[in-house]
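Residue-level structure breakdown
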Amino acid sequence: MAYDFETGAELIKLCEKEDIKISEVMLRRETEIGDMTREKAVAEMRLNLKVMRESVNKGLTTKVESVSRLSGGEAMNLYRYGDLDPFSGHETCHAAAAAMAVVEVNASMGRIVAAPTAGASGILPGVLIETSLSRGWTDEQLIEGLFSAGAVGMLFAKNASISGAAAGCQAETGVAAAMTAAALVEISGGTPMQCLDAAAIAIKNIEGLVCDPVAGLVECPCIKRNGMGAANALLSADMALCGITSLIPFDEVVSSMYAVGREIRPEYRETAKGGLAATPTGRQIAANIKRMSGQRD
Amino acid sequence: MENFSVFDIIGPRMTGPSSSHTAGAARLGYIARRIIGAEPARVHFTLYGSFAETGRGHGTDKALIAGIMGFMPDDPRIRSAYKLARDAGIVVDFTWSEEHAEHPNTVMIEAEDVNGVETSIVGRSVGGGNILITEINHLEVEVTGDYPTLIIEHHDVPGVISDVSRVLAQLGVNIAYMKVFRHGRGDNGAFMCIESDNPVTPEMQAIIGRLCPAVHNMMVI
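Residues numbered from 1 in each chain as written. Chains lettered and ligands numbered in written order. Predicted model: local features only at pLDDT ≥ 70, side-chain atom pairs only at ≥ 80, totals over all residues. Heavy atoms only, no water.

1. Some remarks on the overall build of chain B
Just so we agree on the cut-off: Helix numbers and strand numbers start at the N terminus; a helix is a DSSP run of H or I with at least 4 residues, a strand a run of E with at least 2. With C-alpha atoms as the basis for the radius of gyration, the globule rule is written as 2.2 Å multiplied by the number of residues raised to the power 0.38. Only protein chains enter the calculation, and the probe is 1.4 Å; a residue is then buried if its accessible area is under 20% of its type maximum, exposed if over 50%, and partly exposed in between. Contacts between residues were defined by any pair of non-hydrogen atoms, one from each residue, lying within 4.5 Å. Under this rule, positive means Lys or Arg and negative means Asp or Glu; His and the chain ends count for nothing. Lys charges are placed at NZ, Arg charges at CZ, Asp charges at CG and Glu charges at CD.
A tally of helices and strands in chain B yields seven helices and eleven strands. Against the 2.2 N^0.38 benchmark of 17 Å for 221 residues, chain B shows a C-alpha radius of gyration of 18 Å, consistent with a compact globule. Per-residue burial over chain B gives 53% buried out of 221 residues. Counting contacts in chain B only where the partners sit at least 6 residues apart, residues at least 24 apart contribute 67% of the total. A gap of 5 Å separates the mean positions of the 17 positive and 27 negative side-chain charges of chain B.

Take a look at the structure:
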């Protein structure tokens, strides 16, 4: 395989050798690993983009409610507030709302695209689709962004983890923010190295973040963490694009994130036994849900 | 999953909220439906471990019902599964067990189809929407549903395995994975689980039945 890579350094080398973008390496790699043609791979990603856009729109325009009735509607509220005078700025506030919208839709048993997981599925579509509206990016640009995000996500999957049960929330919303930051940089014309710098900066911001979902559900704190992850991605991309680099190289940041993840005790890795899940309120909510009848339409 | 595809990272497209508790559960139901092979009339689900603990909030019950009706894990109708099952005249009920199971996301599915044939299936959701069927009618199996699967029940006599694999080769079916199981020594029932690149058609099954006399039952998933 000419376009396979195990590390960020190898990925950069491939990009520089042929003067191509990360997304182009990832697309060429995809045609090498399976029987998918380039056209088929792009069409499949276009389908993912379509479902992503539907999930953003649904969460921002309808009052969704989760099965547990714990969540829904907050994304819509934040989006409207974003039209006023938010401290975080219109674009950031809207992107955060869109990220939350997807995870609210997910919790309501709506259709989403895992990116890289269901619990972190809001950050990538929320940020890309919202910024594309304010900046006039085309679907072709967004699809390229998704391929470059996929490359960064794959580096974490190969060298660390993208599972909250294995390495905490840093491996889910953290990785999603890193993927998104890299996509933003590539679409904005940054170099492959700047993409990985942005990804490294995003992960460094939340290194060690635990996975402590109340009642074991993908709602609290996951929905708001997707909103915060959107802001993390945007600012990390800005830092990289203005020329700020990561003092610790991307590959070493990935290793350290995984080393920290393995040190996180099992109570804080998706078992709902520690952190927010173990607070008096968290426990009460879990007890209420256990009593809930399963039969509700 | 060593050789990741970009679509393992950006994907799958699924109905939320959880890849293991919802998408995996829907897939378990879907594969169970294919094992049953006919329209189900009555289905009893027993949930264990984390499925029983957090399944209500994750819609695990709805996903299982949707799957048993033949819906795929990204079908938005999963949300209305109870109503759709009622409309289709399928009786479903659940036991949320507190008993220990070997794997945290385990379900036992006991189904009676419209012809009165009963099937019991045990499976687990192993993460990322992937599943493993571990028991069919109290017999140990290993079915992932990733490939077309042929399950063969046969007398435990020498030469059956080579007979079956020879016939499959002649039919142009390439075997991806194959496992054999039996219940102790002697002819107490033996099984083969064959996962192949291409599906085994009913015509092919008839040929296997004719050329391999020790085979007495076949199931295609």
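Let us keep going from here.
2. A short note on the nonpolar core
Quick reminder of the rule: Think of a nonpolar core as a cluster: buried Ala, Val, Leu, Ile, Met, Phe, Trp, Tyr and Cys residues, connected wherever their side-chain atoms sit within 4.5 Å.
Core analysis: the largest hydrophobic core is formed by 93 residues, its most contacted members being Phe 5, Leu 124, Phe 147, Phe 156 and Phe 250 of chain A together with Ile 10 of chain B. Those residues in contact with Phe 156 of chain A that lie beyond four places of it in its chain are Ser 161, Ile 162, Val 175, Ala 178, Ile 203, Phe 250, Val 254 and Met 257 of chain A. Formed by 45 residues, the second largest nonpolar core is a distinct cluster that contains Ala 26, Leu 64, Phe 181 and Phe 191 of chain B.

3. Points about the state of the cysteines
To keep things clear, this is the line we draw: Put simply, a disulfide is two cysteine sulfurs that come within 2.5 Å.
For the coordinates displayed, the defined rule picks out zero disulfides over all chains. As a non-bridged cysteine, Cys 93 of chain A has Cys 220 of chain A as the owner of its nearest cysteine sulfur, 20 Å distant. On the basis of relative accessible area, Cys 93 of chain A is assigned to the buried category, the value being 4%. A disulfide-free cysteine, Cys 212 of chain B has its sulfur positioned 16 Å from the sulfur of Cys 193 of chain B, the nearest such atom.

4. Looking at the sheet that holds strand β3 (residues 91-96) of chain B
Residues and elements named next belong to chain B. Our working rule: What makes two strands pair is DSSP finding at least two bridges between them. Orientation is described by lines fitted to C-alpha atoms, with helices fitted over the stretch in contact, and by angles between N-to-C directions that extend from 0 to 180 degrees.
Read across the open sheet, the six strands follow the order β3-β2-β4-β5-β6-β7; overall the sheet is mixed. Both outer strands of the open sheet, β3 and β7 (139-143), are each paired with one neighbouring strand and no more. The mean angle between the axes of side-by-side strands here comes to 20°, regardless of whether they run parallel or antiparallel. When strand β2 (residues 40-48) meets strand β4 (residues 105-113), the two strands line up antiparallel, connected through eight bridges. Bridging across to β4, Leu 47 finds its partner in Val 107. Lying on the sheet, helix α4 (residues 60-68) is in contact with β2, β3 and β4; it crosses β2 at an angle near 145°.

5. Some details on the packing of helix α10 (residues 192-206) of chain A against helix α11 (residues 222-241) of chain A
All names here are of chain A. Test applied: Angle categories are assigned with fixed cut-offs, so that under 35 degrees is roughly parallel, over 145 is roughly antiparallel, 65 to 115 is roughly perpendicular, and the rest are oblique. In this scheme the handedness of a crossing depends on how the near helix is turned from the far one: anticlockwise by less than a right angle means left-handed, clockwise means right-handed. For this classification, Asp, Glu, Lys and Arg are treated as charged, while Ala, Val, Leu, Ile, Met, Phe, Trp, Tyr, Cys and Pro are nonpolar and the rest, including Gly, are polar.
Remark: α10 packs on α11, axes separated minimally by 8 Å, with the N-to-C direction vectors making an angle of 135°. Our classification of the angle between α10 and α11 gives oblique. Considering how the two elements wind past one another, α10 and α11 form a crossing that is right-handed. Contacts between α10 and α11 pair Gln 194, Asp 197, Ala 198, Ile 201, Ala 202, Asn 205 and Ile 206 from the former with Asn 232, Ser 236, Ala 237, Met 239, Ala 240 and Leu 241 from the latter. Taken together, the residues that form the contact of α10 with α11 break down as eight nonpolar, four polar and one charged.

6. Examining the pattern of salt bridges
Just so we agree on the cut-off: The salt bridge definition used is simple: a Lys or Arg side-chain nitrogen within 4 Å of an Asp or Glu carboxyl oxygen.
Throughout the structure, instances matching the rule amount to 26 salt bridges over all chains. We note a salt bridge from Glu 44 of chain A to Arg 13 of chain B, for which the minimum N-O separation is 3.2 Å. Of the two residues, Glu 44 of chain A sits in helix α3 (residues 38-61) while Arg 13 of chain B sits in strand β1 (residues 13-15), which places them in two different chains. Relative accessible area serves as the criterion here: at 22%, Glu 44 of chain A is assigned to the partly exposed category. As a salt-bridge pair, Arg 69 of chain A and Glu 65 of chain A come within 4.0 Å of each other at their nearest N and O atoms. Through salt bridges that share partners, Asp 4, Glu 6, Arg 29 and Lys 158 of chain A make up one connected network.

7. A short note on the packing of helix α9 (residues 173-187) of chain A against α10 of chain A
All names here are of chain A. Here α9 crosses α10 at 150°, and the two axes come no closer than 8 Å. On the basis of their axis angle, the class for α9 and α10 is roughly antiparallel. The handedness of the crossing between α9 and α10 comes out as right-handed. Residues Gly 174, Val 175, Ala 177, Ala 178, Ala 181, Ala 182, Val 185 and Glu 186 of α9 touch α10, and the partners they reach there are Gln 194, Cys 195, Ala 198, Ala 199, Ala 202, Ile 203 and Ile 206. Grouping the constituent residues of the contact of α9 with α10 by class yields twelve nonpolar, two polar and one charged.

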